[in-house]
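Working through the structure, step by step
Chain by chain, the residues run as shown.
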There are 4 protein chains.
Amino acid sequence: MAQRRTRDRIHEIIFEADTPTGKYFDIILLVLIVLSVLTVMLESSEQWQRDYGRTFLILEWIFTIIFTIEYVLRLWTTIKPWKYALSFYGIIDLMAILPTYLTIFLSGFGAQAFVIIRVIRLLRVFRIFKLGKFLGEGDQLKMALIASRNKITVFLFAVTLLVIIIGAVMYLIEGGTNEGFSSIPRAVYWAIVTLTTVGYGDITPKTNIGQFLSALVMIIGYAIIAVPTGIVTNEMLNTKAKGHQKNTQACRYCSRDGHDDDAEHCKYCGGLLNEPEEIDS
Amino acid sequence: MAQRRTRDRIHEIIFEADTPTGKYFDIILLVLIVLSVLTVMLESSEQWQRDYGRTFLILEWIFTIIFTIEYVLRLWTTIKPWKYALSFYGIIDLMAILPTYLTIFLSGFGAQAFVIIRVIRLLRVFRIFKLGKFLGEGDQLKMALIASRNKITVFLFAVTLLVIIIGAVMYLIEGGTNEGFSSIPRAVYWAIVTLTTVGYGDITPKTNIGQFLSALVMIIGYAIIAVPTGIVTNEMLNTKAKGHQKNTQACRYCSRDGHDDDAEHCKYCGGLLNEPEEIDS
Amino acid sequence: MAQRRTRDRIHEIIFEADTPTGKYFDIILLVLIVLSVLTVMLESSEQWQRDYGRTFLILEWIFTIIFTIEYVLRLWTTIKPWKYALSFYGIIDLMAILPTYLTIFLSGFGAQAFVIIRVIRLLRVFRIFKLGKFLGEGDQLKMALIASRNKITVFLFAVTLLVIIIGAVMYLIEGGTNEGFSSIPRAVYWAIVTLTTVGYGDITPKTNIGQFLSALVMIIGYAIIAVPTGIVTNEMLNTKAKGHQKNTQACRYCSRDGHDDDAEHCKYCGGLLNEPEEIDS
Amino acid sequence: MAQRRTRDRIHEIIFEADTPTGKYFDIILLVLIVLSVLTVMLESSEQWQRDYGRTFLILEWIFTIIFTIEYVLRLWTTIKPWKYALSFYGIIDLMAILPTYLTIFLSGFGAQAFVIIRVIRLLRVFRIFKLGKFLGEGDQLKMALIASRNKITVFLFAVTLLVIIIGAVMYLIEGGTNEGFSSIPRAVYWAIVTLTTVGYGDITPKTNIGQFLSALVMIIGYAIIAVPTGIVTNEMLNTKAKGHQKNTQACRYCSRDGHDDDAEHCKYCGGLLNEPEEIDS
């Protein structure tokens, strides 16, 4: 019984953020994740690798061991461990620790290939959104983006058509003389660089007619950037004030969260969210 | 009679997207169009042309034959074929197949000049907007853009005046010393590159006064980008909820679509949209 | 009396756009202005000047003579010519013809210095806004911009402070090693290029800390572009539907326009806008 | 008593902007601050320093002496000088004069290090917001930004995650062959340059797959710029018309301002804002 209560408490600390201890845990975890990703980033620089390679290796192992303990605790305190292990965050949590262990067996090889997997552990940071005030804000943004998804798809689709046609025209105009427009895909790349107003300048038109066409493309890009903005602003006006209060509880059976404040059962699997204290004692 | 029914069914499949078969047909066509345009794009790259030139030629002919069959079916199932042939999509459909046949007679020559016509077949993809959920969204966007057309014209007109005057001033300031401002048209090109915040960097001011003026232009560009955004957002708020339900039927007499869900006659030519089943049998 | 009526009719044609003849006059004038500015622009290119210098000279004189006739007619049909001559458009109209005459006396010299004055004749094009449908749109845009003037001033002021401080910091960081940051004004120029997302790339940070600071500046610029957009969108929502019907009449006494449709007297000088037809005959 | 009245009047002039003299004082101060910052900026240029070094030195001392007198007057007229000296503007005011005095003792050394402190005196310009019409506008902007703070934090947080992951992927793709992607931090810098549509062009993708990924990043950046715009526009619509009338009085006890027009006591320390005239005489 005592063990069960311990499990309950640990579950509350590591999965939720409604208690002070739960909040502290989340903040410490956040700091550790950010530090471990910073380590991965700096390690990728040849110069830092040469100067502090040993320190990075030790730090990496410290972070991995801490994350492993956390992962094991998460598995232990969840009632249906497999459901957690196969949930989105469960997989991310596993991917945060696996690469370091794998480097033992694959030493010297593929260290670089794992870099991307190590960086993905940053996704775990999204758990910070559990922290109070950001919960509603993030939800509202997400809802506005979801609501405008179809319109943005249509817009991006039209933009794609536009850049392909512009690219093909520029390929015809400057393809023969300008190295940068030597194939349609490159010309399309240039059209995207121009239309989105990024403007690297690695490929630029040289002929008068090419420059004239570019100027047109820029003005089009400058004008149609208004479209996604209009879409999102609109949806935000609509979704405003529709948000409902949620808390940070995570179901102990299926590890999914997003439950309303007054919910007693998990809305995904029906599991009891908070076992009554009386029965426990 | 049986043949008539077949024609009716084929018309429904290739022109409309309300039936499952019609939807599948549209999706397959979409994939074929995208693939054929990808082929054209990759073919334009000298390296790919050298390595896979033969494959591209075969693919191009396969796509052309499929599109030809589709074009003939469209002509056959439409009651007034000439109206279809001369409609916007009729011409696009013809332009999608013509270039390949023409290359037989004009072999070796002008292959590159046809590339732009081949890419235009991408416009056929706009038929995908018939696919359910995008129908209303596209309409709403189009309505908002049409409603803000006059305001955007006024805005673009003012921007054009602005860039010409800025270009002339920069030509006076840096024209003598800076190769990039050697004529007013080039200076106007630079002004557009700067005002739209594209910023290639192929032409940049070198003198102090030139850099000061550029900085002003950038800040103006940064501030007035708000104008088209404000216009479109506004119109979107207005056009919202004004859209009415449309379906994907296309008239068999004049091949135009955009009919309301409860329409029985084509609103353009008056032709009957759905001949009653009883009479058919 | 007949002469007076002629003057009345000419005034109506060249100053207003409510009659068909007035509209045609405006459109022809618009085309002439655009063509004459195009001539000035192309003339500035050394190559075109060499090849077509003579043609440009002839064209310039043709345009100047037409504009001179128009200017004289404007003076003649206005009841108080000096008021017109000293009005905004009166001065622009004079500046459109003066440079060509002055080149006779100052031949060989200063031709380039006049180029900017010649381009300014483009401002005359703003008379096109008299043309029907653009009248209200332009007014609405202008009203929204005037209403948001104070807020945009505050915003641009804050941006100016920001770029100066960012420039000073970057001068300290990279001033010694990077040619592009050799003085604060240059560093401020870079800060503006970066914050407005123009990004020429003629000056770029080289050190790690410089690149880190740039990244911050970019993200700030990316976020605060929302501010002017928010301001203008807001004001547009407010000014919407407040516009009142205006026509294109210009007072014959003081040459100012913008009178309401039902106005009988000029709201600036009190002069009668339309002398009753009965009295005239 | 007379001295006390003088102090009262001087306090009103230098701290407030409701009287004509107070307004003139603010405008003169504004001009002096801008001039002194311009001096600092130009001084940083090696060429100007060589040509006008002596003039700059004299100007700097003139500005410093004027600002010192102003600072002493501010201390003298405030009832609790320490509170003013330790307030935000009190520290800025001190920092505006200190560097020049310190250069006497530290001559030849560190002159450059003080440049940033000298530029910070520009922050004093924010006092111009006291000038009538800008007061409400600035407040409204500030309120809208504060209200959207949480949403913008969430947005910038998501953007940070995005650029790190994009950077890691690009490091894997082009890290080996392209100098610009030699470490993850540099690749992240590139991702920020691209996503914010700045596009310096100092680091650009060279491989086909890298260019394809860049094109994706640009289009994402082009689309999500809508998000902060939507947020701010929204909040502006909400905060509109909520502003309340404030005047420019500053408390003589604690030197803080922002008091309502009808306030009699300072809302921060409770000190009397305007001592009754009768008692004074």
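Reading the values: rules and limits
- Residues numbered from 1 in each chain as written.
- Chains lettered and ligands numbered in written order.
- Predicted model: local features only at pLDDT ≥ 70, side-chain atom pairs only at ≥ 80, totals over all residues.
- Heavy atoms only, no water.
- UniProt positions renumbered as here; feature names shortened; annotations may be inferred.
- Helix = DSSP H or I, 4+ residues; strand = E, 2+ residues; numbered from the N terminus.
- Buried < 20%, exposed > 50% of the residue type's maximum accessible area, 1.4 Å probe, protein only.
- Contact = heavy atoms within 4.5 Å.
- Areas by Shrake-Rupley, 256 points an atom, 1.4 Å probe, with all protein chains shown as cover.
- Least-squares fit on C-alpha atoms with pLDDT ≥ 70 in both.
- Salt bridge = Lys/Arg side-chain N within 4 Å of Asp/Glu carboxyl O.
- Polar contact = N/O pair within 3.5 Å; in protein donor to acceptor, adjacent residues only side chain to side chain.
- Domains from an automatic or database assignment.
- Nonpolar A, V, L, I, M, F, W, Y, C, P; charged D, E, K, R; others polar.
- Patch = residues over 30% accessible without salt bridge, like charges linked within 9 Å, V, L, I, M, F, W, Y side chains within 5 Å.
- pLDDT = per-residue confidence, 0-100.
- Phe/Tyr/Trp six-rings, centres within 6.5 Å; stacked < 30°, edge-to-face > 60°.
- Lys NZ or Arg CZ within 6 Å of the ring centre and 35° of its normal.
- Axes fitted to C-alpha atoms, helices over the stretch in contact; angles between N-to-C directions.
- Parallel < 35°, antiparallel > 145°, perpendicular 65-115°, else oblique.
- Left-handed = near helix turned anticlockwise from the far one by under 90°.
- Expected span 1.5 Å × (residues − 1).

With an unreviewed UniProt entry as reference, chain A is termed Voltage-gated potassium channel, source organism Neolewinella antarctica. Looking at chain A in UniProt, the text filed under Subcellular location (unreviewed entry) is "Membrane".

1. Remarks on the overall build of chain A
When helices and strands are counted, chain A shows 12 helices and 0 strands. Each helix and strand of chain A, ordered N terminal to C terminal, gives the series α-α-α-α-α-α-α-α-α-α-α-α. Looking at the 281 residues of chain A, the share that counts as buried comes to 51%. In chain A, of all internal contacts separated by at least 6 residues, the share reaching a separation of at least 24 is 60%. Carbon and sulfur atoms make up 65% of the accessible area of chain A, which amounts to about 13,400 Å² in all.

2. Some points on the relation of the copies chain A and chain D
One chain copy maps onto the other through a rotation about an axis and a shift parallel to that axis. Each copy of the sequence occupies a distinct position, and chain A is placed on chain D by a rotation of 90° and an axial shift of 0.0 Å, giving an RMSD of 0.1 Å. Considering both components of the superposition, the chain copies are consistent with a four-fold axis. Here only 19% of the contact residues of chain A are again contact residues in chain D; the copies associate through non-equivalent surfaces.

3. Remarks on the interface of chain D and chain C
Each partner contributes residues to the interface: chain D has 47 residues there, and chain C has 45 residues. Summed over the shared surface of chain D and chain C, the result is 0 salt bridges. The tally of links between chain D and chain C comes to 6 residue pairs in polar contact (both at pLDDT 80 or more). Elements with a contribution of two residues or more to the side of chain D that touches chain C: helix 2 (20-43), helix 6 (115-120), helix 7 (134-147), helix 8 (149-174), helix 9 (184-195), helix 10 (208-224) and helix 11 (226-239) of chain D.

4. Here's the deal with the pattern of salt bridges
For the structure shown, the criterion picks out 24 salt bridges over all chains. Salt-bridge contacts for C:Arg74 lead to C:Asp93; the nearest nitrogen and oxygen are separated by 3.8 Å. Placement of the pair is C:Arg74 in helix 3 (residues 46-77) and C:Asp93 in helix 5 (residues 88-105), with a sequence separation of 19 residues. Grouping residues by exposure puts C:Arg74 and C:Asp93 together as buried. Connected through shared salt-bridge partners, A:Glu43, A:Glu60, A:Arg118 and A:Arg121 make up one network.

5. Comments concerning the UniProt feature "transmembrane region" (unreviewed entry) in chain A
All names here are of chain A. Here, UniProt's "transmembrane region" (unreviewed entry) annotation points to residues 56-76, 96-120, 152-173 and 212-232. The distance from the first to the last C-alpha atom of residues 56-76 is 30 Å, and the span holds 100% helix and 0% strand. Helix makes up 100% of residues 152-173 and strand 0%, and the two end C-alpha atoms of the span are 31 Å apart.

6. What to know about the domain arrangement of chain A
Along its sequence, chain A is carved into domain 1 (2-131) and domain 2 (147-242). Taken over C-alpha atoms, the centre of domain 1 of chain A sits 40 Å from the centre of domain 2 of chain A.

7. Here we look at the interface of chain A and chain D
With 47 residues of chain A at the contact, the number on the chain D side is 45 residues. The tally of links between chain A and chain D comes to 0 salt bridges. Our count for the chain A to chain D interface comes out at 6 residue pairs in polar contact (both at pLDDT 80 or more). Secondary-structure elements contributing two or more residues to the side of chain A that touches chain D are helix 2 (20-43), helix 6 (115-120), helix 7 (134-147), helix 8 (149-174), helix 9 (184-195), helix 10 (208-224) and helix 11 (226-239) of chain A. Of the residues that constitute the side of chain A that touches chain D, the class distribution is 31 nonpolar, 11 polar and 5 charged.

8. Notes on the relation of the copies chain D and chain C
When chain D is fitted to chain C, the residual RMSD is 0.1 Å, and the transformation amounts to a turn of 90° plus an axial shift of 0.0 Å. Taken together, the interface assignments show that only 19% of the residues at the interface of chain D recur at the interface of chain C, consistent with different surfaces on the two copies.

9. So, a nonpolar patch on the surface
Nonpolar side chains collect at one region of the surface, where B:Tyr24, B:Ile27, B:Ile28, B:Val31, B:Val34, B:Leu35 and B:Leu38 lie side by side and expose about 640 Å² of accessible area between them. Topologically, B:Leu38 is positioned in helix 2 (residues 20-43).

10. A word on the confidence of the model for chain A
All names here are of chain A. The predicted model of chain A averages 80 in pLDDT, with 78% of residues at 70 or higher. In the model of chain A, helix 12 (residues 277-280) stands out as the element of lowest mean pLDDT, 41, in contrast to helix 9, which has the highest, 93. Every residue in residues 241-245 scores below 50 in pLDDT, and together they form 3 contacts with partners more than four places removed in sequence or on other chains. Throughout residues 276-281 the model reports pLDDT below 50, and contacts reaching past four residues in sequence, or to other chains, amount to 5 contacts. Reported confidence for the predicted complex is 0.80 by ipTM and 0.83 by pTM.

11. Focus on the side chain of B:Lys151
Relative to the elements of secondary structure, B:Lys151 occurs in helix 8 (residues 149-174). Residues contacting B:Lys151, with those up to four places away along its chain left out, are B:Ile231, B:Glu235, C:Glu137, C:Gln140 and C:Leu141.

12. A look at the packing of aromatic side chains
Counted by the stated rule, this structure contains 28 aromatic pairs over all chains. A centroid spacing of 6.0 Å and a plane angle of 45° characterise the contact between A:Tyr71 and A:Tyr84, whose relative ring orientation is tilted. Linking A:Tyr71 in helix 3 (residues 46-77) with A:Tyr84 in helix 4 (residues 81-86), this pair joins segments that are 13 residues apart in sequence. The pair formed by A:Tyr71 and A:Tyr84 is uniform in burial state, with each residue classed as buried. Residues C:Phe63 and C:Phe67 carry aromatic rings whose centres are separated by 6.5 Å and whose planes lie at 20° to one another, so their mutual orientation is stacked. Of this pair, C:Phe63 and C:Phe67 are both found in helix 3, 4 residues apart, which corresponds to roughly one turn of the helix. Residue C:Phe63 shares its accessibility class with C:Phe67, and that shared class is buried. Of note, C:Arg7 hangs over the ring of C:Trp76, and the distance from its end group to the ring centre comes to 5.9 Å.

13. Regarding the environment of D:Leu73
For D:Leu73, the position within the fold is in helix 3 (residues 46-77). Taking the C-alpha atoms as reference, D:Leu73 lies 48 Å from D:Tyr189; in sequence the two are 116 residues apart.

14. Observations concerning the side chain of D:Glu70
Along the chain, D:Glu70 turns up in helix 3. At 2.6 Å, the side chain of D:Glu70 and the side chain of D:Arg74 are in polar contact.

15. Looking at the packing of helix 2 of chain A against helix 9 of chain D
Running from amino to carboxyl end, helix 2 of chain A crosses helix 9 of chain D at an angle of 100°, the nearest separation of the two axes being 6 Å. One way to sum up the angle between helix 2 of chain A and helix 9 of chain D is to call them roughly perpendicular. Between helix 2 of chain A and helix 9 of chain D, the residues in contact are A:Val40, A:Met41 and A:Leu42 and D:Ile184, D:Pro185 and D:Val188, respectively.

16. Details of the environment of D:Gly180
Residues and elements named next belong to chain D. Tracing the backbone through its elements, the reader meets Gly180 in the loop between helix 8 and helix 9. Spatially, the C-alpha atoms of Gly180 and Met143 are 41 Å apart, while their sequence positions differ by 37 residues. Not counting residues within four places of it along the chain, the set of residues in contact with Gly180 comprises Arg186 and Ile203.

17. Considerations on the packing of helix 8 of chain A against helix 9 of chain A
Residues and elements named next belong to chain A. Contact pair helix 8 / helix 9: the axes reach a minimum separation of 8 Å and the direction vectors enclose 120°. As the angle between them shows, helix 8 and helix 9 are arranged oblique. Relative to helix 9, helix 8 is oriented so that their crossing is right-handed. On helix 9, the residues touching Val159, Leu162, Val163, Ile164, Ile166, Gly167, Ala168, Met170 and Tyr171 of helix 8 are Ile184, Ala187, Val188, Trp190, Ala191, Ile192 and Leu195. Among the residues making up the contact of helix 8 with helix 9, the classes are represented as 15 nonpolar, 1 polar and no charged.

18. Describing helix 2 of chain A
Under the 1.5 Å per step criterion, the end-to-end length of helix 2 of chain A is 35 Å for 24 residues, consistent within 8% with the ideal 34 Å. For helix 2 of chain A, the set of buried residues is A:Gly22, A:Asp26, A:Leu29, A:Leu30, A:Leu32, A:Ile33, A:Ser36, A:Val37, A:Thr39, A:Val40, A:Met41 and A:Glu43.

19. A few points about helix 10 of chain A
Residues and elements named next belong to chain A. Compared with an ideal rise of 1.5 Å per residue, which puts 17 residues at 24 Å, helix 10 spans 24 Å between its outermost C-alpha atoms and is within 8% of the ideal. Extensive coverage of helix 10 is indicated by the burial of 12 of its 17 residues. When we look at burial in helix 10, the residues that qualify are Gly210, Gln211, Leu213, Ser214, Ala215, Val217, Met218, Ile219, Gly221, Tyr222, Ala223 and Ile224.

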